[in-house]
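Each chain is listed here by its residues.
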Amino acid sequence: ISFEVIAAMWIAHQRVFGFVARTDSRLRLLNLWWLLAVVLIPFATKLLIGGGGVTTSVHGVLFSFYAVVQISASLMFIVMSHHAVSAALLHESAPPDLDRQVARHSIAVIIPFALSIPLLFVTTYAWILWIIGPPFAGRLLRRLRTIED
């Protein structure tokens, strides 16, 4: 699962950074913080796999750590893309709403992970939100965007 998650993040990162014409020290620093969150994913995944036969509370802590790592990576990606747009670091060919596109996609990931955290201390099945939540949240956000337009 780590490989698939990291691959999806890398593809999104490459898509955004494909539009970056130049960098500055802040973008490089933000990118390193995002990379830290990505590097923590295999460790967080290992905690999930090795946590068999634990209490619901311990399960909640282990799975919440994974959720926090995912939320952190998504938030850093939003901040990075917003900075790239606001600091005019992008090629002219970049979509004018690139940072809003990244934010919508990232929020669709953040919402289910954030909602799962309190539920993880009640049920061991709250992680299912991680699978069904992002597509559902993405559709909901697209629908809200259509209503706004």
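That block above? That's the structure.
Moving on, we get to the packing of aromatic side chains. For the structure shown, the criterion picks out 6 aromatic pairs. Centroid distance Trp34 to Phe77: 6.1 Å. Interplanar angle 35°. Geometry classified as tilted. Taken as a pair, Trp34 in helix α2 (residues 25-49) and Phe77 in helix α3 (residues 56-86) lie far apart in primary sequence, 43 residues in all. Phe77 matches Trp34 in its accessibility class, with the two residues each being buried.

One way to put it is that helix α1 (residues 2-17) packs onto α2 with a least axis distance of 9 Å and a crossing angle of 165°. Put simply, α1 runs roughly antiparallel to α2. Note on packing geometry: the crossing formed by α1 with α2 is right-handed. Across the interface between the two elements, Ser2, Val5, Ile6, Met9, Trp10, His13 and Phe17 of α1 pack against Leu27, Asn31, Trp34, Val38, Ile41, Pro42 and Thr45 of α2. A per-class count over the contact of α1 with α2 returns 10 nonpolar, 4 polar and no charged.

Criteria and cut-off values
- Residues numbered from 1 in each chain as written.
- Predicted model: local features only at pLDDT ≥ 70, side-chain atom pairs only at ≥ 80, totals over all residues.
- Heavy atoms only, no water.
- Phe/Tyr/Trp six-rings, centres within 6.5 Å; stacked < 30°, edge-to-face > 60°.
- Helix = DSSP H or I, 4+ residues; strand = E, 2+ residues; numbered from the N terminus.
- Buried < 20%, exposed > 50% of the residue type's maximum accessible area, 1.4 Å probe, protein only.
- Axes fitted to C-alpha atoms, helices over the stretch in contact; angles between N-to-C directions.
- Parallel < 35°, antiparallel > 145°, perpendicular 65-115°, else oblique.
- Left-handed = near helix turned anticlockwise from the far one by under 90°.
- Contact = heavy atoms within 4.5 Å.
- Nonpolar A, V, L, I, M, F, W, Y, C, P; charged D, E, K, R; others polar.

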